[in-house]
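# Examining the three-dimensional arrangement
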Amino acid sequence: MAKRGGFPGGMPGNMSNLMKQAQRMQRQMEEGQKELETKEFSAKAGGGAVEATVNGKKELVKIALSQEAVDPDDVEMLQDLIVAAVNEAMKQADEASQELMGRMTGGLGGGFPF
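Here is what the cut-offs are and how they apply
- Position labels on residues start from 1 in each chain and follow its written sequence.
- With the structure being a predicted model, the display of local features is reserved for residues of pLDDT at least 70 and the display and counting of side-chain atom pairs for 80 or more, all residues being used for whole-chain, interface and lining totals.
- For the side-chain quantities, the full set of heavy atoms in the structure was used; hydrogens and water were omitted.
- Helix numbering and strand numbering both begin at the N terminus, where a helix is a DSSP run of H or I of at least 4 residues and a strand a DSSP run of E of at least 2.
- Only protein chains enter the accessibility calculation, which uses a 1.4 Å probe. A residue is then buried if its area is under 20% of the maximum for its type, exposed if over 50%, and partly exposed in between.
- The rule for a salt bridge is simple: a side-chain nitrogen of Lys or Arg has to be within 4 Å of a carboxyl oxygen of Asp or Glu.
- Whether two strands pair comes down to DSSP finding at least two bridges between them.

Inspection of the secondary structure assignment puts Gly47 in the loop between strand E1 (40-45) and strand E2 (50-55). By relative accessible area, Gly47 is classed as exposed at 89%.

Attention now goes to the pattern of salt bridges. For the coordinates displayed, the defined rule picks out 2 salt bridges. Measuring nitrogen to oxygen at the nearest pair gives 3.8 Å for the salt bridge that ties Lys39 to Glu35. Classification of Lys39 as partly exposed rests on a relative accessible area of 39%. The class of Glu35 is partly exposed, set by a relative accessible area of 46%.

Next up on the list: the pairing of E1. What you see with E1 is a clean split: Phe41, Ala43 and Ala45 sit on the buried side and Glu40, Ser42 and Lys44 on the side with no burial. Bridge analysis of E1 against E2 gives 6 bridges, and the strand direction is antiparallel. Directly across from Phe41, in E2, lies its bridge partner Val54. With antiparallel pairing between neighbouring strands as the criterion, E1 and E2 make up a hairpin whose turn holds 4 residues, including Gly46 at a positive phi of roughly 65 degrees.

Next comes the structure, spelled out in structure tokens:
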């Protein structure tokens, strides 16, 4: 009688290859994530009056303010410029992260039905 189904004697070649491929992808993802965490993303607001820099871990690492951005009579504007610059820098970090994920999962397809 012919064998049907199951995994007698271990994993078949296709399953073994799939496991190796998954492990390789995991290593690549970890390496890519580490690389991303070392990068910095900067954005300016107010024509360069405020510059915010975040790292790949989405931590704010630096704020640079020009002299003309610091007006004691208009603190609200400075606050708005800081928020805008930080948000843009965070957006750049998010886009880089999504790009990394897209490269890593490119052949797998998008949405899973579960």
